Amino acid sequence: MMLRTSASRVLDDSDRDEVLDLLDTDPVANVFVASRVRTVGLNPARLGGQMWGFGPRGGLVSLCYAGANLVPVNAGPEAVHAFADRARKQGRRCSSIVGPQGAVSQLWERLEPHWGRARAIRWAQPVMATAQKPLVPADPLVRRVRPEQFERLLPACVAMFTEEVGVSPNAGDGGALYRTRVAELIRIGRSYARIDDGRVVFKAEVGAVTPQACQIQGVWVDPQLRGQGHAVAGMAAVVEAALACFAPVVTLYVNDFNRSARAVYRKVGFHEVDTFMSVLF
């Protein structure tokens, strides 16, 4: 059967309602993309990239966010073929491909011959979620970060990013974009930390929010203080705050080889609901 690559098109704000309807069919897996669309719409200048659609107007079946990340949504084999063809012709503009394991692996299989070798591939990243009160006591010293604490928090954020991704967020533009994002999350009340006498003990952010779900990111504990329970109690505090302030379901995804982190999340009450994959450049 011939693959209908012609069904791939760039979407705009006239498609917003249909896009959100599709994203809402899996609010946990799609929380990042849905949060972006709900916040800024589909105009590429505001979205920070394009939204590609597969299927005719009124019959949209798949999406692919093409910005700093390439993120397929509900993408079967035909949609993957269409999105890969468009990405190949456009050339690589993203720093990663991330999303459901099946779609990302198929996308990468088609794009690798054209984009070249990836810096790293995270083949299996369990997606975890919870909708219940944490199973363990929350750390009462974990609080929303205040704007005046930005300079204190930033080094911990840079350390977390470098440890997790393998490169510093200060590379390229000197960290300007990363600093802006950290400051924005503080400003809108989605950055949490325990700071003892100026020392960041634990920190995490609620990076994406929709009415159905929110996603925790950037979980980090000072390396010298690990193994003392700060991660479990800190995550419990962030989950409590997220459930109270943002959405009825809290989610995150984690590398399968990070057994200690997965154990922390299970203790708090998270359970695995899906598997993501990331290709990093």
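Going along each chain's sequence as written, the residues are numbered from 1 onward. Side-chain atom pairs in this predicted model are given and counted only at pLDDT of 80 or more, local residue features only at pLDDT of at least 70, and totals for whole chains, interfaces and linings cover all residues. The side-chain quantities take in all heavy atoms of the structure and omit both hydrogens and water.

**Q** Account for the overall build of the protein, with residues named and values stated.
**A** Put simply, DSSP marks the helices as runs of H or I at least four residues long and the strands as runs of E at least two long, and each gets a number from the N terminus on. Looking only at helices and strands, the protein has 9 helices and 12 strands in total. Restricting the calculation to C-alpha atoms gives the radius of gyration, and the globule rule supplies 2.2 Å times the number of residues raised to the power 0.38. Against the globule reference of 19 Å for 281 residues, the protein gives a C-alpha radius of gyration of 19 Å, in line with a compact fold. The dimensions of the protein, computed from C-alpha atoms along their principal axes, are 60 × 35 × 35 Å. As displayed, the protein offers around 13,100 Å² of accessible surface, 51% of which is attributable to carbon and sulfur atoms. Only the protein chains shown count as cover for residues, with accessible areas throughout obtained via the Shrake-Rupley method and a probe of 1.4 Å.

**Q** An account of helix α1 (residues 16-23) is requested, with residue identities and associated values reported.
**A** If you check which residues of α1 are buried, you get V19, L20, L22 and L23. An end-on view of α1 places all buried positions within 160° of arc, on one side of the element. Those residues of α1 that are exposed and aimed more than 90 degrees away from the buried face are D17 and D21. Looking at the buried side of α1, the elements it contacts are α2 (31-40), β3 (62-66) and β4 (69-73). A simple rule labels every residue: compare its accessible area, found with a 1.4 Å probe on the protein chains alone, to the largest value its type can have, and call it buried under 20%, exposed over 50%, or partly exposed in between. For this quantity, the arc is that covered by the directions from the helix axis to the C-beta atoms. Every residue pair with non-hydrogen atoms within 4.5 Å of one another is taken to be in contact.

**Q** Hey, could you go over the pattern of salt bridges for me, with residue numbers and the actual values?
**A** Whenever a carboxyl oxygen of Asp or Glu lies within 4 Å of a side-chain nitrogen of Lys or Arg, that contact is scored as a salt bridge. Evaluation of the coordinates by the stated rule reveals 16 salt bridges. Between R194 and D139 there is a salt bridge, with the nearest N and O atoms lying 3.0 Å from each other. Residue R194 is located in strand β8 (residues 191-196), and its partner D139 is located in the loop between β6 (120-130) and β7 (143-144); the two are separated by 55 residues in the primary sequence. With respect to class, R194 is no different from D139; both count as buried. Notably, a salt bridge pairs R226 with E163, separated by 3.1 Å at the nearest N-O pair.

**Q** Please provide a residue-by-residue account of the pairing of β6, values included.
**A** The buried fraction of β6 is high, at 9 of 11 residues. Here 8 bridges tie β6 to strand β12 (residues 271-280), and the two strands are oriented antiparallel to one another. Paired with A129 across the bridge in β12 is H271. Sheet topology places β6 next to strand β11 (residues 250-253); 4 bridges connect them, and they run antiparallel. Across the sheet, V127 pairs through a bridge with Y253, a residue of β11. Should DSSP find at least two bridges between two strands, the strands are regarded as paired.

**Q** Tell me about the sheet that holds β11, and please be specific about residues and values.
**A** The strand order across the open sheet built from 12 strands is β1-β2-β3-β4-β5-β12-β6-β11-β10-β9-β8-β7, with neighbouring strands paired in mixed fashion. Strands with a single pairing partner mark the edges of an open sheet, and in this sheet they are β1 (8-10) and β7. Relative to β11, strand β10 (residues 214-221) is paired through 2 bridges, and the arrangement is parallel. From the neighbouring strand, C214 faces β11, where its bridge partner is V250. Comment: axis = line fitted to C-alpha atoms, over the contacting stretch for helices; angle = value between 0 and 180 degrees taken between N-to-C directions. Relative to strand β9 (residues 199-209), helix α6 (residues 150-165) is tilted by about 70°, and along the sheet it contacts β6, β8, β9, β10 and β12. Across the sheet, helix α8 (residues 230-245) is in contact with β6, β7, β8, β9, β10 and β11; its angle to β9 comes to roughly 35°.

**Q** Please give an account of the domain arrangement of the protein that cites residues and values.
**A** Accessible area lost during the coming together of the parts is what is often quoted as the interface size. In terms of domain boundaries, the protein breaks down into domain 1 (9-117) and domain 2 (130-273). Boundary definitions for the domains trace back to an automatic or database domain assignment. Computed over C-alpha atoms only, the centres of domain 1 and domain 2 are separated by 26 Å. Between domain 1 and domain 2, roughly 780 Å² of surface is buried when both sides are summed, and carbon and sulfur atoms account for 72% of that area. The interface formed by domain 1 and domain 2 contains 0 salt bridges. Under the rule applied, a polar contact is a pair of N or O atoms within 3.5 Å (in protein, one hydrogen donor and one hydrogen acceptor; residues adjacent in sequence only if both atoms are side-chain atoms). One can count 2 residue pairs in polar contact (both at pLDDT 80 or more) joining domain 1 with domain 2. When residues of the side of domain 1 that touches domain 2 are assigned to their parent elements, the largest contribution, 5 residues, is made by α2. By convention, the term buried area covers the 1.4 Å-probe accessible surface removed from two parts as they join, with the contributions of both added.

**Q** Report on the side chain of Q125, specifying residues and quantitative values.
**A** Note on placement: Q125 falls in strand β6. A residue is classified by how much of its surface remains accessible, and Q125, at 4% relative accessible area, is buried. A distance of 2.9 Å separates polar atoms of two side chains, one belonging to Q125 and the other to N255. Here S278 takes part through its side chain, which lies 2.6 Å from a polar atom of the side chain of Q125. Leaving out residues up to four positions away in the same chain, Q125 has contacts with Y253, V254, N255, D256, D274, T275, F276, M277 and S278.

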